Amino acid sequence: MLQQQKQEIDDLVATQTEGYTPGEKKDISELKQLDANDESLNKWKASLGLDNAQVPFPDDPRSVIVHALIFESAEKTIVMDVSTPEKIAQLKATPIVIKWGIDYSFIIEFYIQREVISGLKYLQQVKRSILTIERSEDMCGSFGPKLDKQQCRFPQNTAPSGFGSRGSYVIRSKFVDDDNNVHLDWTWTMEIDKDWA
C-alpha cells in the first residue's frame with residue numbers, strides 16, 4: 001500500500017530542465033528596483049503588473065489561489081469549482097460526465113497575490129482502475145499579482161470514443177511552480193459516456 005502511494009506521488013512530479021536552476025526569490029519591491037535602467041526588463045515587469053500589485057484576498061496567506069478548472073468544448077462548458085476543500089471533495093464524489101469523442105480543452109483560473117510566481121505548470125494524471133492511461137504537463141508561465149482572476153488555457157484534446165472507453169476515470173491534478181511549490185493537488189472523477197448526462 002505504501003509503495004503504491006509512493007508510486008502515485010512519483011508519477012505526478014514536474015519534469016526538470018537539466019541545468020536550469022530557478023533564480024533567487026525576490027519580493028515585489030526588490031523586483032521593481034532591479035535593473036531600473038533596463039528597458040526590456042521594465043517592459044517585462046510592467047507586463048506582470050508590478051506597478052499596481054494588489055492583494056485580492058488579504059486574509060488568505062497563499063500566493064496562488066486556484067479558483068476553477070473549466071472543461072470547454074463546442075457543445076458544453078463545465079466549471080469545476082476547486083476554491084474550497086468541500087468543493088474538491090464534491091468533485092471527487094460526483095463525476096462530471098462528458099460525451100465520448102468530443103474535442104475539448106481545459107482552462108485553469110487562479111489568483112496571484114503578494115509575489116511573482118515563475119513557471120506555473122499544470123500536471124494531470126488520468127487513471128482507469130489502477131492503470132495510468134495518460135499523464136500530461138502543461139506550462140502556463142510566470143504571473144504577477146493582480147486583483148483580477150488570471151487564467152491559462154491548455155491544448156485541445158479529444159476524449160476517447162467507443163464502447164471500450166465508457167466508464168469512470170480518476171484524475172489527479174496538480175498546480176506547481178518552478179520552485180516545486182504545490183499550490184493545489186486534488187483528485188476528481190470523470191465519466192465518459194455515449195452522450196452528455
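Small disclaimer: the values here were computed from a predicted structure and weren't measured. Each residue is numbered by its place in its chain's sequence as written, counting from 1. Selection of residues for local features in this predicted model requires a pLDDT of at least 70, selection of side-chain atom pairs for listing and counting requires 80 or more, and totals for whole chains, interfaces and linings are taken over all residues. As a convention, hydrogens and water are excluded, and side-chain values are obtained from all of the structure's heavy atoms.

This brings us to the overall build of the protein. Put simply, DSSP marks the helices as runs of H or I at least four residues long and the strands as runs of E at least two long, and each gets a number from the N terminus on. On a plain count of helices and strands, the protein comes out with 4 helices and 10 strands. In the protein, the succession of α and β elements from N to C terminus is α-α-α-β-β-α-β-β-β-β-β-β-β-β. Buried residues are those whose accessible area, probed at 1.4 Å on protein chains only, stays under 20% of the maximum for their type, while exposed residues exceed 50% and partly exposed ones sit between those limits. By residue count, 41% of the 197 residues in the protein fall in the buried class. Residue exposure ignores everything except the shown protein chains as possible cover, and the areas themselves are Shrake-Rupley values with a 1.4 Å probe. Accessible area of the protein: about 11,200 Å², with a carbon and sulfur share of 50%.

When pLDDT drops low, the exact placement of atoms in the prediction is not to be read closely. Confidence of the prediction at every residue is given by pLDDT, a number between 0 and 100. When pLDDT is averaged along the protein, the result is 87, and 87% of the positions lie at 70 or above. Here residues 5-9 is modelled with pLDDT under 50, and outside its nearest four sequence neighbours on either side it reaches 4 contacts, counting other chains as well. Two residues form a contact once any of their heavy atoms are found within 4.5 Å.

What follows covers the sheet that holds strand S9 (residues 167-176). Paired strands, as defined in this entry, are two strands with at least two bridges between them according to DSSP. Ordered by their spatial adjacency, 5 strands build an open sheet running S3-S10-S9-S5-S6, and the pairing between neighbours is mixed. Two strands close off the open sheet at either side, each with one partner strand: strand S3 (96-99) and strand S6 (131-143). On average, adjacent strands in this sheet sit at an angle of 25 degrees to one another, irrespective of strand direction. In this sheet, S6 lies alongside strand S5 (residues 117-128) in antiparallel orientation, the contact comprising 10 bridges. Across the sheet, the residue bridging to lysine 127 is threonine 132, located in S6. Fitted lines through C-alpha atoms give the axes, limited to the stretch in contact for helices. The angle between two N-to-C directions lies from 0 to 180 degrees.

Moving on, we get to unusual backbone geometry. In this structure, arginine 114 takes a positive phi of about 75 degrees despite not being glycine. Note that arginine 114 resides in the loop between strand S4 (103-112) and S5. On the accessibility criterion, arginine 114 (33% relative accessible area) is partly exposed. You will see that asparagine 180, though not glycine, has its phi angle at about 65 degrees, which is positive. Checked against the element boundaries, asparagine 180 lands in the loop between S9 and strand S10 (182-193).

Buried Ala, Val, Leu, Ile, Met, Phe, Trp, Tyr and Cys residues form a nonpolar core when they are joined through side-chain atoms within 4.5 Å. Ranked by size, the top nonpolar core spans 36 residues in total, and within it Phe71, Met80, Ile98, Ile108, Phe175, Trp186 and Trp188 carry the most contacts. In this view, phenylalanine 71 contacts Lys76, Thr77, Ile78, Met80, Ile98, Ile102, Tyr104, Ser105, Phe106 and Trp196; residues no more than four positions away in its chain are not counted.

The next point concerns the environment of isoleucine 102. Within the secondary structure layout, isoleucine 102 lies in the loop between S3 and S4. On the basis of relative accessible area, isoleucine 102 is assigned to the buried category, the value being 9%. When sequence neighbours within four positions are dropped, the list of residues in contact with isoleucine 102 reads Phe71, Ser73, Glu75, Asn157, Thr158, Ala159 and Trp196.

Looking now at the pairing of strand S2 (residues 77-81). With burial as the criterion, only one face of S2 is covered, namely that bearing Ile78 and Met80; the residues Thr77, Val79 and Asp81 on the opposite face remain uncovered. Of the strand pairs in this sheet, strand S1 (residues 64-73) and S2 are connected by 5 bridges, and their pairing is antiparallel. Within the sheet, the bridge partner assigned to glutamate 72 lies in S2 and is threonine 77.

Another point: the side chain of serine 63. Counting through the fold element by element, serine 63 comes out in the loop between helix H3 (39-47) and S1. For serine 63, a relative accessible area of 13% translates into the label buried. Within polar-contact distance, the side chain of serine 63 engages the side chain of glutamate 115 at 2.6 Å. Beyond its immediate sequence surroundings of up to four residues, serine 63 is in contact with Tyr111, Ile112, Gln113, Glu115 and Ile117. Two N or O atoms form a polar contact when they lie within 3.5 Å of each other; inside protein one atom must be a possible hydrogen donor and the other a possible acceptor, and for residues adjacent in sequence the pair counts only when both atoms belong to side chains.

Before going further, it helps to spend a moment on the packing of aromatic side chains. Centres within 6.5 Å are what make two rings of Phe, Tyr or Trp a pair, Trp counting through its six-membered ring; a difference in plane orientation under 30 degrees is then read as stacked, over 60 as edge-to-face, and the rest as tilted. Throughout the structure, instances matching the rule amount to 11 aromatic pairs. Ring centres of tryptophan 100 and phenylalanine 163 lie 5.2 Å apart, and the angle between their planes is 85 degrees; this geometry places the pair in the edge-to-face category. In this pair, tryptophan 100 is assigned in the loop between S3 and S4 and phenylalanine 163 in the loop between strand S8 (157-158) and S9, connecting sequence segments 63 residues apart. Under the relative-accessibility criterion, tryptophan 100 is labelled buried at 17%. Arranged with centres 5.0 Å apart and planes meeting at 25 degrees, the rings of tyrosine 122 and phenylalanine 154 form a pair that is stacked. Within this pair, whereas tyrosine 122 is found in strand S5, its partner phenylalanine 154 is found in the loop between strand S7 (150-153) and S8, the two being separated by 32 residues in sequence. Across this residue pair, the class does not change: tyrosine 122 and phenylalanine 154 are buried. The rings of Phe71, Tyr104, Phe106, Trp188 and Trp196 are connected pair by pair, giving a single aromatic cluster.

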